[in-house]
Amino acid sequence: MERRKVTFKLYPNATQAERLTGWIRLHCELYNAALEERIDAYRKTGKSISYYDQQNVLPEIKAARPEFVELGSHALQQTLRKLDLAFQAFFRRVKAGQTPGFPRFKANRRFSGFAYPDPAGWQLMQSGTRGATIRLGSGKDAMSIRARGQHRFGDGARPNDLTITRRNGEWFASVTLRVPADACARARTGDDHRGVDFGINDWATFDNGETIANPRLVRNEMPRLADLQRQQARKKPGSIRYKRLGKQATKLHERIGDRRREFLHRTTTRMVQSCAVIATEELKVNNMSRSARGTQDRPGRMVRQKAGLNREILSAGLSMAHNMLAYKAAEAGTRLHVSDTRQLKPSQRCAACWEIVPRTLAQRVHECPHCGHTAPRDQNAASVVLIDAHAWNGRGGETETSCAATRQVKVCDPRNPRYSVLRRLAAGEFID
Ligand SMILES: [Zn+2]
């Protein structure tokens, strides 16, 4: 059984929307009350309250406030767990010597939603060709909300948990499904072996020289966004016009996000469908997109330029792309090889003679002083990771040195427990 998350847009009618809003208000109230209780208890007695202490009070709350009953006990527990997680994260970061913010009280309109942690208290129904239906609650008070579209995993898929969220006045339901492996399978139409280098100038460069242009979604919409913000600055804060402009800016951000997701889904699907082997390198977006601001004593250089670069890095959605590649590759039976960037140094290594050729980011062309091999820098890097993938596989074996240099390279497979390589954003350099 695999796990897949599907997000449906919901279309509640006016009554249902009002009811859902009321539910969010109650969940928010519970969250804030539980937070206050933890703070109070600690101040007065020096003791901290655990999740279980708070969970055990839920029946009393429901007895005193019957409106909480229809929310479902597991959903209420989940909201308490959400607070508990916030505390755990806080203490973990304190322990690690960081300076995290203390868990905060949440305004009702900022409270994103609530969740059912198991298949109880709700149902996902889809039949025929019409959109799915999400049924919340049970008995005559149950609420059947229309959703757009259906998931593609067939009848064998078992819904596991559900999260209802409200974003900018729109409602969404995220369902985690437990899906039989064969229902996830994806057709593959080609058997190419491709190395790929993700970047900013071109979004992707392949070892054969093909490229995918960077859609530059943020940069293209920047003038419009700046315009909206300028207009808003001239309005009286809190006025209807002020809010309207704020909403337009939010919509614009949302549209950028939608278009980015669509771009990533289309390109990663195409890559996985046409390839038997895809080789790439680890991503360290956190370090790549670190602000250049520096400290007061040692101010950074080129802060504005780095901010612009960061915007493009984050906008390119590379980590989202890596995650999509990983699960889609598993579905299509494509081997995804992720090279260890620090060991392999694909952007410095010559794909022909395997020597390290240090160079700056500004040099766009690789010219090897050892063997004379010349190629565009990104294409050379893509070739290096592809060679690395072949060497790892024991096939090909283009160069002896590639094996020696990359003995420690990790293979990335979502089924492999060490798959977190992709997500582990450890210290290191991506851009040399
Ligand atoms: Zn060379």
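Here, residues in each chain are numbered from 1, in the same order as that chain's written sequence. Where totals are concerned, whole chains, interfaces and linings use all residues; where local detail is concerned, this predicted model gives features only for residues with pLDDT of at least 70, and gives and counts side-chain atom pairs only at 80 or more. Side-chain descriptors were evaluated using all non-hydrogen atoms of the structure, hydrogens and water having been removed beforehand.

Exposure categories follow from relative accessible area, calculated using a 1.4 Å probe and restricted to protein chains: below 20% of the type maximum is buried, above 50% is exposed, and the middle band is partly exposed. Secondary structure is summarised from DSSP: a helix means a run of H or I of at least four residues, a strand means a run of E of at least two, and numbering begins at the N terminus for each. In terms of residue burial, strand β12 (residues 335–339) counts as a mostly covered element, since four of its five residues are buried. Between any two strands, at least two bridges found by DSSP are needed for them to pair. By the bridge criterion, five bridges tie strand β11 (residues 275–281) to β12 in an arrangement that is parallel. Residue Ala279 lies in a different strand from β12, and its bridge partner there is His337.

This next bit is on helix α6 (residues 217–233). Expected helix span is computed as 1.5 Å times (number of residues minus one). Helix length check: α6, at 17 residues, gives a terminal C-alpha distance of 24 Å against a target of 24 Å (1.5 Å per residue), a fit within 8%. The bend at a residue is defined as the angle formed between two axes, one fitted to the seven residues ending at that residue and one fitted to the seven starting there. The largest bend along α6 measures about 40° and falls at Pro223. If you check which residues of α6 are buried, you get Leu217, Val218, Glu221, Leu225, Leu228 and Gln232.

Residues grouped as a nonpolar core are buried Ala, Val, Leu, Ile, Met, Phe, Trp, Tyr and Cys residues, joined through side-chain atoms within 4.5 Å. Counting residues in each nonpolar core, the largest one holds 44 residues, and the members touching the most others are Leu136 and Leu162. Once residues lying within four places of it in the same chain are set aside, the contact partners of Leu136 are Leu20, Trp23, Tyr116, Gly121, Trp122, Ala142, Met143, Ile145, Leu162 and Ile164. Counting residues in each nonpolar core, the second largest holds 22 residues, with Trp203, Leu264, Leu318 and Met324 among its members. When checking whether two residues touch, look at their non-hydrogen atoms; a contact exists if any pair is within 4.5 Å.

To continue, consider the sheet that holds strand β10 (residues 211–213). On the basis of which strands lie adjacent, the open sheet formed by five strands has the order β10-β9-β8-β11-β12 and mixed pairing. Whereas interior strands pair on both sides, the edge strands pair on one side only; in this sheet they are β10 and β12. Taken over all neighbouring pairs, the strand axes of this sheet differ in orientation by 20° on average, direction set aside. Sheet strands touched by helix α7 (residues 240–274): β8 (192–198), β9 (202–206), β10 and β11. Its angle to β11, the strand with the most contacts, is close to 125°. Orientation is described by axes fitted as lines to C-alpha atoms, over the contacting stretch for helices, and by angles from 0 to 180 degrees between their N-to-C directions.

Our focus in this paragraph is the coordination of the zinc ion. Note on donors: an N, O or S atom is included if it sits within 2.8 Å of the metal, or within 3.2 Å for Na, K and Ca, and water is never included, so sites can look incomplete. Listed as protein donors to the zinc ion are Cys350 (SG), Cys353 (SG), Cys368 (SG) and Cys371 (SG); their distances from the metal cover 2.2 to 2.3 Å. Here the zinc ion binds four donor atoms, and the angle range of 107 to 113° at the metal identifies the geometry as tetrahedral. Spacing between the donor residues of the zinc ion along their common chain follows C-x2-C-x14-C-x2-C. Taken together, the positions of Cys353 in the loop between α11 (341–344) and β13 (365–367) and Cys371 in the loop between β13 and β14 (374–376) put the pair 18 residues apart, joining distant regions of the chain. A relative accessible area of 25% means that Cys353 is categorised as partly exposed. Working rule for geometry: tetrahedral if four donors all subtend angles between 85 and 135 degrees; square planar for four, octahedral for six, if opposite donors exceed 155 degrees and the others stay between 65 and 115; irregular in every other situation.

Further remarks concern the pattern of salt bridges. Salt bridge, as applied in this entry: a Lys or Arg side-chain nitrogen positioned within 4 Å of an Asp or Glu carboxyl oxygen. Taken as a whole and assessed by the stated rule, the structure comprises 20 salt bridges. Residue Arg19 is joined to Glu70 by a salt bridge in which the shortest nitrogen-to-oxygen separation is 2.9 Å. One end of the pair, Arg19, is in helix α1 (residues 14–45); the other, Glu70, is in the loop between α3 (58–64) and α4 (73–95), with 51 residues separating them in the sequence. We note a salt bridge from Glu29 to Arg65, for which the minimum N-O separation is 2.8 Å. In this pair, Glu29 is assigned in helix α1 and Arg65 in the loop between α3 and α4, connecting sequence segments 36 residues apart. For Glu29, a relative accessible area of 35% corresponds to the partly exposed category. Each member of the salt-bridge network shares a partner with another, and the members are Glu2, Arg4, Arg152, Arg186 and Glu331.

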